[in-house]
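One letter stands for each residue in the lines below.
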Amino acid sequence: MLEVRNVNVFHGDAQALEDISLSVEAGTIVAIVGANGAGKTSLIRTIGGMHRPASGRILFEGADIAGLPSHLVCDLGVGQVAEGRQIFPALSVAENLDMGAMLPRARRKRVQNRERVQAMFPKLRERLWQAAGTLSGGEQQMLAIARCLMGEPKLIMFDEPSLGLAPTIVHDVLQTIRDLNAAGTTCVLVEQNVAVSLKIAHKAYVLENGRVTITGTGEALLSDERVRRAYLGV
Ligand SMILES: Nc1ncnc2c1ncn2[C@@H]1O[C@H](COP(=O)(O)OP(=O)(O)O)[C@@H](O)[C@H]1O
Ligand SMILES: [Mg+2]
């Protein structure tokens, strides 16, 4: 579904991504793990059209999307749940959801999609007319995911969805990602929480200083000596 080939990205003079290649098969969960500053967000934002790669190709369902503006990438079905949720705190939950339905691909199905995401997240239904900024951290993460679903993405890229959440809520968020995947959505999961994301990933990439250093199934990486020493504290 998604293929990144030999991508290089710079922020000014500093190289953030170096010769990155990876592939995401339809229907899978692919984890991209690595320490703070490794380039995970830069990678997601490059796929999403917020950074233009200096070189390399990014193929989504066969079409080269490298350098395409982000609204066009979104409209092809590439959704993003950004680091730090990025909801609109002063707007109501309902208004936040409607923001996610502005994409041409989903505009006409706004009402059905609202019904669908509210059924999925009953807490949001209860709080529809509340300002989104008054929600708990976990509820805001659910809202960010629900808003993304309003755009009917085929692929969702989650950037650090567990960051700053209590362990029980982290569990809920990961279960939500599993459920979405089971229902057919392809997922790219970016996490510093390496143990947890490898457990639910079909395939994983370790990113270090802007390069892919280790690749394998989630299971294989969980028992990889280098991963255990560097990221799992074993
Ligand atoms: N907009 C930017 N301008 C300049 N440098 C940036 C920018 N965004 C990220 N960086 C740098 O690029 C590197 C990778 O950052 P990032 O992609 O945010 O990593 P991660 O998400 O893995 O923590 C870091 O050294 C960071 O300081
Ligand atoms: Mg990041």
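So, a few notes on the structure that sits alongside this text. (Residues numbered from 1 in each chain as written. Chains lettered and ligands numbered in written order. Predicted model: local features only at pLDDT ≥ 70, side-chain atom pairs only at ≥ 80, totals over all residues. Heavy atoms only, no water.)

## A short note on the sheet that holds strand β1 (residues 2-11)
Taken together, four strands build an open sheet; the order of strands is β2-β1-β4-β5 and the sheet is antiparallel. On the outer flanks of this sheet lie β2 (14-24) and β5 (63-64), each paired with one strand and no other. Note: strand β4 (residues 55-60) against β5, two bridges, orientation antiparallel. Within β5, the position partnered with F60 by the bridge is A63. Contacts between helix α1 (residues 40-47) and the sheet are confined to β1, β2 and β4, with β2 contributing the most and set at about 65° to the helix. (Pairing = 2+ DSSP bridges. Helix = DSSP H or I, 4+ residues; strand = E, 2+ residues; numbered from the N terminus. Contact = heavy atoms within 4.5 Å. Axes fitted to C-alpha atoms, helices over the stretch in contact; angles between N-to-C directions.)

## Concerning the pairing of strand β3 (residues 29-33)
Consecutive residues of a regular strand have side chains that alternate between opposite faces of the sheet. In terms of residue burial, β3 counts as a mostly covered element, since five of its five residues are buried. Along β3, one buried face is formed by I29, A31 and V33 and the opposite face, lined by V30 and I32, is buried too. In this structure, β3 lies alongside strand β8 (residues 186-191), joined through five bridges in parallel fashion. In the strand pairing of β8, I32 is matched with V190. In the sheet, β3 pairs with strand β9 (residues 203-208) via four bridges, with the strands oriented parallel. Within β9, the position partnered with V30 by the bridge is K203. (Buried < 20%, exposed > 50% of the residue type's maximum accessible area, 1.4 Å probe, protein only.)

## A short note on the pattern of salt bridges
In the structure shown here, the tally under the stated rule is 13 salt bridges. Note that K40 is salt-bridged to E160, the shortest N-O span being 3.7 Å. Residue K40 is located in helix α1, and its partner E160 is located in the loop between β7 (155-159) and α7 (167-182); the two are separated by 120 residues in the primary sequence. According to the relative accessible area criterion, K40 is buried, its value standing at 4%. Its relative accessible area of 3% is what places E160 among the buried residues. We note a salt bridge from R127 to E139, for which the minimum N-O separation is 3.6 Å. (Salt bridge = Lys/Arg side-chain N within 4 Å of Asp/Glu carboxyl O.)

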